[in-house]
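# Fold and contact review
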Amino acid sequence: MKKRILTGDRPTGRLHLGHYIGSLKSRVDLQDDYEEFILIADVQALTTHFDKPELIHQSIFDVAMDNLSVGLDENKVTIVQQSMVGAIAELTIFYSMLVTVPQLSHNPTIKTEAKNYGYKEMTYGFLGYPVSQTADITFCNADLVPVGDDQIPHIEMARKIVRKFNDLYGTNITEPEAKLSSVGRLSGLDGNAKMGKSMGNALYLSDSPETVWEKVRNGVTDTNRISVKIPGNPDVCAIYKYHQAFSPDEAGNISSMCRNAAIGCVACKKKLAETLNAILDPIRARRNYFENHIDEVKDIISAGTEKANKIGNENLLAIKEKMHVKL
């Protein structure tokens, strides 16, 4: 049997190139070798966007379309709406009995995210979302969870919760393992260390060719290079980092030309825009199809969520029997 992978996205807007290089491309590569569950984590989105339900509702469709547009096959992967899977909610409650507040508040990822959002006080939902995340992973007994380094504390907490739960109740919940991404985080074209929706520096998968060029054109290069005749330093150039990520075979040549003043920044940016648009053209075409067949997208989400509920309910029933809470 294929191992089961669970991954997903928070529906707080359209997905961008950072998502593509960091996770979406890998999902496409893995869909033939693993049983993949793609979770549209709308409950988790509420931890930071509880006051924007309209955004979350629209983003459920945007996230699904972006996943399908990059090449995920709805016949090979299962796209699931988190809030519609009852087993996740029930497992979250059961698991929360085993986790202390200090364990959650000392989680380094929670600390970092609270600081990024400017939270002086955290809501119960925000503080406890690693517990909910454990339920996300285990409702279907996922074997692997693709994550970056910053998410390792969450996976370690999930493993601890599962071990404690299995020891206490004699259950057989799968202890998940992290599947570390070999791809680094994509920086913003503005030179920021991270591309993000909340940072206003995202280049979206659905951006038009004109928008892509506009964003690339305004990207940060070597600020000391004030003339084409002056050699540049690609190591401090945000544009060059994108060449490395999206055209690695050509990046070395671009670096050499930059250092030898054989290419100007405008020409370098035009090359990057051409590369990105060549990648995004088929993605935009597929997305256009789904935008014009939104009922098909809804059916894909509904079918995946129905499958998830069947699996989750079966697993939850076995767990409740071991806990002696089933009559």
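As a reminder, the structure under discussion sits directly above these lines.
As the structure is a prediction and not an experimental result, all values here were calculated from the model.

What follows is about the overall build of the chain. Along its length, the chain carries 14 helices and 5 strands. For 327 residues, the compact-globule estimate of 2.2 N^0.38 gives 20 Å, and the C-alpha radius of gyration of the chain, at 22 Å, lies within 12% of that figure. Dimensions along the principal axes, computed over C-alpha positions, put the chain at roughly 80 × 45 × 40 Å. Looking at the chain as a whole, 48% of its 327 residues qualify as buried.

Time to look at the nonpolar core. Judged by nonpolar contacts, the single largest core of 43 residues is most densely connected at Leu-17, Leu-203 and Leu-205. Once you skip the residues sitting within four places of it in the chain, Leu-17 turns out to touch Leu-186, Met-195, Leu-203, Leu-205, Tyr-242, Phe-246, Leu-276 and Leu-280. By size, the runner-up hydrophobic cluster in this structure holds 38 residues, among which are Leu-6, Leu-127, Phe-165 and Leu-316.

To find leftover empty space, a probe the size of one water molecule is rolled over the atoms. For the structure on display, the rule yields 1 cavity of 30 Å³ or more. Among the elements of the structure, helix H11 (238-246), helix H12 (248-259) and helix H13 (265-291) are those that each provide at least two residues to the lining of the largest cavity. The class makeup of the residues in the lining of the largest cavity is 9 nonpolar, 5 polar and 3 charged.

By volume, the second largest pocket is sized at about 470 Å³. Along the walls of the second largest pocket sit 22 residues, with Thr-92, Tyr-124, Gly-125, Gly-128 and Ser-132 positioned nearest its centre. Those elements giving two or more residues to the lining of the second largest pocket turn out to be helix H2 (42-49), helix H4 (86-96), helix H5 (101-105), helix H7 (124-127) and helix H8 (129-138). If you tally residues by element for the lining of the second largest pocket, the top one is H4, at 5 residues. Of the residues belonging to the lining of the second largest pocket, the class tally is 12 nonpolar, 10 polar and no charged.

Per the counting criterion, the structure on display carries 8 aromatic pairs. For the cation-ring pair, Arg-14 lies above Tyr-204, with the distance from its terminal atom to the ring centre recorded as 4.3 Å.

About the cut-offs
Residues numbered from 1 in each chain as written. Predicted model: local features only at pLDDT ≥ 70, side-chain atom pairs only at ≥ 80, totals over all residues. Heavy atoms only, no water. Helix = DSSP H or I, 4+ residues; strand = E, 2+ residues; numbered from the N terminus. Rg over C-alpha atoms; globule rule 2.2 N^0.38 Å. Buried < 20%, exposed > 50% of the residue type's maximum accessible area, 1.4 Å probe, protein only. Core = buried A, V, L, I, M, F, W, Y, C linked by side-chain atoms within 4.5 Å. Contact = heavy atoms within 4.5 Å. 1 Å grid on protein atoms, 1.4 Å probe; cavity = no way out; pocket = protein on both sides within 12 Å on 5 of 7 lines; lining within 4 Å. Points joined across faces, edges and corners; volume = space filled by probe spheres on them. Nonpolar A, V, L, I, M, F, W, Y, C, P; charged D, E, K, R; others polar. Phe/Tyr/Trp six-rings, centres within 6.5 Å; stacked < 30°, edge-to-face > 60°. Lys NZ or Arg CZ within 6 Å of the ring centre and 35° of its normal.

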